[in-house]
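# Structural features, examined
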Amino acid sequence: MKQVNFLIIFILCLALALFTLENTNLGTIYILPGLQVQAPIAVELLLATGIGAVFAWLFSMWTQLQRQLLSGPQRKQKVQIKELESKVEQYQAEVQSLQLALPPSSDSSTKQTQTNVPNTR
């Protein structure tokens, strides 16, 4: 995936470089009423691209920070769930080992049926 991203960025930068070489005419940037700057279109384009890249980076950092803040409690819950599941498995293994160690219980259902059967003599 990184190679695909690199290839896309490389192609865009190459296109940007070729575009800037072809557009060296002066252009006017109107910043505020009464405030204007004249610069080659190539410089304006590079400046706009740089500012856009900085804003994209800031936005990605902001969203990553939000994701980390929101996933913090969820991560703790997942860790607690895993701990509890492992304890349940441990307790189940203990119960099974204790059941194997106990002598077999007498069948209480046969005793009840024998006592409930009326004597027909």
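What counts, and where the lines are drawn
- Here, residues in each chain are numbered from 1, in the same order as that chain's written sequence.
- The predicted nature of this model means local features are confined to residues of pLDDT at least 70 and side-chain atom pairs, given and counted, to a pLDDT of 80 or more, with totals for whole chains, interfaces and linings taken over all residues.
- Note: side-chain values were computed over all heavy atoms of the structure, leaving out hydrogens and water.
- Starting at the N terminus, helices and strands are each numbered in turn, a helix being any DSSP run of H or I of at least four residues and a strand any DSSP run of E of at least two.
- Residue burial is assigned from relative accessible area. The probe radius is 1.4 Å, only protein chains are included, and a residue is buried under 20% of its type maximum, exposed over 50%, and partly exposed in between.
- By definition, residues are in contact when any of their heavy atoms lie within 4.5 Å.
- Here, Shrake-Rupley sampling with a 1.4 Å probe gives the accessible areas, and only protein chains in the shown set may cover a residue.
- An expected span of 1.5 Å times one less than the residue number is assigned to each helix.
- We define the bend at each residue as the angle formed by axes fitted to the 7 residues ending at it and the 7 residues starting at it.
- UniProt positions are given in the numbering used here, feature names are shortened, and annotations may be inferred rather than shown by experiment.
- Stacked, tilted and edge-to-face are the three classes applied to pairs of Phe, Tyr and Trp rings, where Trp contributes its six-membered ring and a pair requires centres within 6.5 Å; stacked means planes under 30 degrees apart, edge-to-face means over 60, and tilted covers the rest.
- All axes here are fitted lines through C-alpha atoms, helices being fitted over the stretch that makes contact, and every angle between N-to-C directions spans 0 to 180 degrees.
- Any angle that is under 35 degrees is reported as roughly parallel, and any over 145 degrees as roughly antiparallel; angles of 65 to 115 degrees are reported as roughly perpendicular and all others as oblique.
- Basically, the charged four are Asp, Glu, Lys and Arg, the nonpolar ten are Ala, Val, Leu, Ile, Met, Phe, Trp, Tyr, Cys and Pro, and anything else, Gly included, counts as polar.
- Here the positive residues are Lys and Arg and the negative ones are Asp and Glu; neither His nor the chain ends is included.
- Between Lys or Arg on one side and Asp or Glu on the other, a salt bridge is scored when a side-chain nitrogen of the former is within 4 Å of a carboxyl oxygen of the latter.

## Let's talk about the overall build of the chain
- The helix and strand inventory of the chain stands at three helices and two strands.
- Secondary structure elements of the chain occur, N-terminal to C-terminal, as α-β-β-α-α.
- Buried positions account for 7% of the 121 residues belonging to the chain.
- When contacts within the chain are restricted to residue pairs at least 6 apart in sequence, those whose partners lie at least 24 apart make up 19%.
- Of the roughly 11400 Å² of accessible surface on the chain, 66% is carried by carbon and sulfur atoms.

## With respect to helix α2 (residues 41–101)
- With 61 residues, α2 should reach 90 Å at 1.5 Å per residue; the first-to-last C-alpha distance of 87 Å fits that figure.
- Along α2, the sharpest change in direction is near 40° and occurs at Ser71; proline Pro73 comes one to four residues later.
- Turning to α2, its buried residues number three or more, namely Ala42, Glu44, Thr63 and Ser71.
- For α2, the secondary structure elements touched by its buried residues are α1 (2–22), β1 (26–32) and β2 (35–40).

## Examining the UniProt feature "transmembrane region" (unreviewed entry) in the chain
- Per the UniProt entry, the sites bearing "transmembrane region" (unreviewed entry) are residues 37–59 in this numbering.
- Each end of residues 37–59 is marked by a C-alpha atom, and these two atoms are 28 Å apart; helix forms 83% of the span and strand 17%.

## Remarks on the packing of aromatic side chains
- According to the stated counting rule, one finds one aromatic pair in the structure shown.
- Seen in terms of ring centroids, Phe6 and Phe10 are 6.3 Å apart; in terms of plane orientation they differ by 20°. Their pairing is stacked. Taken together, the residues span about one helical turn, with Phe6 and Phe10 both in helix α1 at a distance of four residues.
- Owing to a relative accessible area of 59%, Phe6 belongs among the exposed residues under this scheme.
- Judged by relative accessible area, Phe10 falls into the partly exposed class, the value being 47%.

## As for the packing of α1 against α2
- Orientation of α1 relative to α2, taken along the N-to-C sense of each, is 150°, at an axis distance of 8 Å. Overall, the two elements α1 and α2 adopt an arrangement that is roughly antiparallel. Seen from α1, the contacting residues are Leu16, Phe19 and Thr20; seen from α2, they are Ala42, Leu45, Leu46 and Thr49.
- Here the contact of α1 with α2 is composed, by residue class, of five nonpolar, two polar and no charged.

## So, the side chain of Glu44
- Relative to the assigned elements, Glu44 resides in helix α2.
- Comment: no salt bridge for buried Glu44; closest opposite-charge side chain is Arg67, at 33 Å.
- Excluding residues that lie within four positions of it along the chain, Glu44 makes contacts with Gly27, Thr28, Ile29 and Ala39.

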